[in-house]
Every structure is written in structure tokens, then in C-alpha cells.
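Residue-level listing of the chains:
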Amino acid sequence: MNINQSKQNLMQVYKILYYTILSIVIVCAGTIYSSGKNYDSKQEEGIIFPKGIAVNVGQVGWMSGGSLDDVGGPWRAGIRRDFDVRDYIPIVEVGKVLGIRFMTLFILGELDRLNILAEYPTSNPAGENWDNSANIGPRQLDIMKYVKNNAANMEFGITGVLHEYWEDGVKSRAEWYNVAEQKPRDEKIIRSNIDLLKRLMAQYGITPENGHSFPESFISYGFYYNPGAEYSLGGVLSENGVKYANTHFTTMKGLNHPPFLDGGFDNGVILLDRHTHGNQWYEYAKTPQAEPDSILTVVVESHWANWLAFDDHLQPQLNQMWIKYLRNIQAHPGHYLSKNTEQLYSQWLYKKYTTVTESSRGKVEIDNRSMPDDAYKYDLLGNMVLAVKLIEGEHISQATLDGKPIPSYYEAEGYGYIYLPPLEKKKYNFEYSNGRNMMSTFVNNTGTYNVYNLNDKGSSIEIDLKMYGEQEVEVRSPKPHSITSSNENLEIKSFRYDEKDATTYITIKGRNIQGEKGTVILEVKR
């Protein structure tokens, strides 16, 4: 065993020991860290300021899963099987049931159809002799077509090229950060990796010319965190469009990092800690083992193997296991399932910097004056989410922010979830009431899109939103006689009106797989 491998093994031992001790301490202390400030676990009524929780799916994209570590290659998915488009379907199916767009993080090296990794010797074990011919074929095309067509429930995020780093054929961990020596990779190498990723995506038409932006989400093993410096990993990622990142903070011992189980800004990117809750990266059919009260980080880690059954006939049962696990999180009074990554990271910011105080039932003050300027400078802030416990047959019947109706609302697991627009750095007055009737005009957010604003002008209703893929949007409204979009890349495919529910159902498709923004205008008669 060489010195670098010994260091890597020692790091793994330290990591496991740290989180094991931390988990025991938290459980034994009976803490409800996961609920965040402004939440009382005994609260049965009144406003709830929940913590957003999301499960990420790491390292999809391999064409084969068996480890190549014994010959100096990547560990891959840790399961000896070949992958095809069927192995992506469970993520989408579970997402559709729950209205979630999973943060799905791709390894792109084995999707290379032109052998361009040979031009980047540190990206692969063979260096300039890279040959991916064994993987080139229709499976790759089928996979990426499915990924592009299912942006509503599967985010196209990035892990990297082949996850590790090679110098003269010798592997070290990891691609984006030298974990063994606790120092950053050379900036030129990092920038060339970004260039390589863009060229790999271009092989499948994922380019700005085709309307697609660079992925907004990124995970890695180790991270060069250096806010305010001329060079940091976050800075390079932000320049290229990444906004949201996470890693195991235990891999960053030699440099400054945010507090464990927390996060911070790194030159335009929000970096969060993530934690594995009993489901190892190589384990088939394994959901996280932590109960909602014991979840340590807002990003709950999973890997591809965890989502796959041993055979196709067992997959529906595993899907139900994931649905049950995630619904238990949604049913917890201190948590809610973030519908997408933007919402997860936005809620983390609000929980960290914003106070919510209910002076009397239905009257709430929101103080967002402490929100850091970087949240606005880098466009990192989206919806804020509040919740109210509902009894059977009850709804939020009225909700306003500074006198204006809220844009979006959703009910699940006995709670009403209130989606406020992105907040400015100021105080707000929020008022709400429960009742047997629904609000008259709002978006029922059953999908994974973000609704930023709703402006009811009487003869028209304008809805500002960000659409992922193609989805049906439910708008509680009068009957529209026409519906248009301000953005030609935000296409109104069709719409219908249900008189009984007083709801307009609009099928909308966004071109950019990272989300398409625009205003949808309903012309109505009252």
C-alpha cells in the first residue's frame, strides 16, 4: 500500500468516526437541531418556518458500475452491472409522485462519444491513450435523450468527468481537490475540466446555442473553499453558472471551511455540508436510515445504487420505499421536502438569516434585513416557504404579504405550504387565516416549478415562474379566454378549464433544462 492510499484510507476512517460520534451525541441529547430556529416541536397551530430537506442522487452517468480501483481506475458506482436508460426511470417516477425535482449529479466521462478525454490527460487513467469505444453506442443516446426530456423531475447536475485525478496514470483523490495532501488542484486543471465538461455536454446538444445553460448544481469529494480570494473552486464554478454545491466537510481538513453540518458562500456559490445517513454509496436498494428528527444536514446523500433494485420486477417495491421515506420527512412539522435545488438552498438562506415571529394568530412579521448581499449579487435567492398545520377539510383561505396575495400554495401530509416570492432586504407583514374555502386566486404548486409572483389585474392574471421541463400548472382562477407567454422559449402547449374546481390547467414547456423563466398571462372575464 503506497503513502497516498494510506492517507486516503485514514481520511475515510476519520470521516466515519466523526459522523458516528456526532450522530450518537445528537440522538442521545434529544436535540431537534434539524428543525432550525423559530420552530417549537410542541407547536400544534400557528405559523411554522420549516427547514427544507432534499435527497441528492450522486454519480449517475457511468456506463458500467464495477469498480476499476484494482487497475488504477475509478471506483464507479460500486456495483458490477452495465447501465441503460431503465436505471434512470426510478428517480423520475418517484419525483412525479411527490412533485420533486431530484438533484441528480452526473459523471460524464463514460458518455464521451468522441474520445476527447485523451486531450485532458489528468481526467482519466489512460491519459492520452483514452479509448471509450466499448461504451460508444445507442445506450448513451437513449440515456441523454431521457435525461433531457425529464428535466421536470431529474436535474442535470455535475459531479465531474471520472471523479478522480490521474498524473502519469497514478490515481489520487479527487478530481476537484487534492484530499490526500489537503491542497487545491492547479487552477489551469480546474478550468480545463470545466472546458471538458462543456465539450462532453455539447455531444448531446446541451449548449447555450440550443438554449441550455451550464448546470447550476455541483457536488464533489473535497472542495477548495476560499471566499474572497482571487482563486477558489467556488469562484471558477460561479463564473460558469454553478450556484449550488455540497461536499463532505470532513474532507476539507487543511483549509478553512464553513461550520460542520452548515454552509457558507464561496465567491458566488453556496457550499453546504452533506451527510450519509446509513445508506452507503455501493448498497443496492437502500434508503437513508435516519428518522426525520435525526437528519443532520439539509442535503441527505444518496447514490445511484441506492435507487436500484436487483431486478426490474423488484423496482416498484423499492420506489414505494423511497416514497414512504420521503413522505415521512414531509409529515415532520419541522421539515418540508424542497421541490427543487433552488428552493432547498433558498430556504437554507432564509433559515440562517431571516426571523419569523407570529405576534398573534395569523399575524406574522418576517425580518429579512440580515440577508447577505451575495444572495442578491449572485441571484441565489428564490421562494421562502412557511407552513400551517391543517385539520381535515381545512385550507388556507386567505394569505397576503404586505397586503398582496401570495403567488403559490400546496397541501401535503396534513400541512398547507405557503410559497412567498423572493424577499428583499427588509421587513414584511404576512397575514393568513384558515377556513373551509380555498383562496380565490393562486397557483396550486403540485409540480416542481418555482412561482415567483402573481399579479391579479382584474382582466388578466400575470404569473412569473421558472419552468423545468414540461409540466401542468394548476391556477385557481376565473375562466381564461386566452393564455400567452412573455418568453418564446416558455411555450404554452395547451390549457383547459374545470368549472367545478374553478381551476385552469396549463401545460407549459421550458426549453432550458436548467429552467426557463418568463411570465404567463391569463386573459380572463369576471
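Scroll up to find the structure.
Read on for an overview of the structure.

How each quantity is defined
- Residues numbered from 1 in each chain as written.
- Predicted model: local features only at pLDDT ≥ 70, side-chain atom pairs only at ≥ 80, totals over all residues.
- Heavy atoms only, no water.
- Helix = DSSP H or I, 4+ residues; strand = E, 2+ residues; numbered from the N terminus.
- Rg over C-alpha atoms; globule rule 2.2 N^0.38 Å.
- Buried < 20%, exposed > 50% of the residue type's maximum accessible area, 1.4 Å probe, protein only.
- Areas by Shrake-Rupley, 256 points an atom, 1.4 Å probe, with all protein chains shown as cover.
- Lys, Arg positive; Asp, Glu negative; His and termini not counted.
- Charge placed at Lys NZ, Arg CZ, Asp CG, Glu CD.
- Pairing = 2+ DSSP bridges.
- Axes fitted to C-alpha atoms, helices over the stretch in contact; angles between N-to-C directions.
- Expected span 1.5 Å × (residues − 1).
- Polar contact = N/O pair within 3.5 Å; in protein donor to acceptor, adjacent residues only side chain to side chain.

**Topic: the overall build of the protein chain**
Stage number 1. Tallying secondary structure elements over the protein chain gives 8 helices and 30 strands in all.
Stage number 2. By the compact-globule yardstick of 24 Å for 526 residues, the protein chain fits well, its C-alpha radius of gyration being 23 Å.
Stage number 3. Expressed as lengths along the three principal axes of its C-alpha atoms, the size of the protein chain is roughly 70 × 50 × 50 Å.
Stage number 4. Among the 526 residues that make up the protein chain, the fraction classed as buried is 59%.
Stage number 5. Total accessible area on the protein chain stands at roughly 21100 Å², and carbon and sulfur atoms take up 49% of it.
Stage number 6. Mean positive and mean negative side-chain charge positions of the protein chain (54 and 64 charges, respectively) differ by 2 Å.

**Brief notes about unusual backbone geometry**
Stage number 1. Geometrically, the link from Arg 173 to Ala 174 is a cis peptide bond, its omega value of 0° lying close to zero.
Stage number 2. Structurally, Ala 174 can be placed in the loop between β6 (170-172) and β7 (177-178).
Stage number 3. Positive phi, close to 55°, is recorded for Arg 76, a residue that is not glycine.
Stage number 4. Its location among the elements puts Arg 76 in the loop between β2 (51-60) and α2 (89-98).
Stage number 5. Despite not being glycine, Leu 261 shows a phi value in the positive range, around 65°.
Stage number 6. Mapped onto the elements of the fold, Leu 261 is located in the loop between β10 (244-247) and β11 (263-266).
Stage number 7. Here Leu 261 falls in the buried class, since its relative accessible area comes to 12%.

**Some words on the sheet that holds strand β27 (residues 480-485)**
Stage number 1. If you trace the 4 strands from one edge of the open sheet to the other, you get β24-β25-β30-β27, paired in antiparallel fashion. Looking at the sheet topology across the chains shown, the edges are occupied by β24 (450-456) and β27. Across the sheet, the mean angle separating the axes of adjacent strands is 15° when strand polarity is ignored.
Stage number 2. With 6 bridges joining them, β24 and strand β25 (residues 460-467) adopt antiparallel strand pairing. Paired with Leu 454 across the two strands is Ile 463, which belongs to β25.

**Describing the sheet that holds strand β19 (residues 404-405)**
Stage number 1. The antiparallel open sheet is built from 5 strands, whose spatial order is β15-β16-β22-β18-β19. Of all the strands in the sheet, the pair left with one neighbour each is β15 (355-360) and β19.
Stage number 2. Here 6 bridges tie strand β18 (residues 395-401) to strand β22 (residues 427-435), and the two strands are oriented antiparallel to one another. Paired with Leu 401 across the strands is Phe 430, a residue of β22.

**Comments concerning helix α7 (residues 341-353)**
Stage number 1. With 13 residues, α7 ought to run about 18 Å at 1.5 Å a step, and its terminal C-alpha atoms sit 18 Å apart, in line with that.
Stage number 2. Of all 13 residues that make up α7, 11 are buried, and the element is covered over most of its length.
Stage number 3. Within α7 the residues assigned to the buried category are Thr 341, Glu 342, Gln 343, Leu 344, Tyr 345, Ser 346, Gln 347, Trp 348, Leu 349, Tyr 350 and Lys 351.
Stage number 4. Near the N-terminus of α7, the side chain that reaches the backbone nitrogen of Glu 342, with its oxygen 3.3 Å away, is that of Asn 340.

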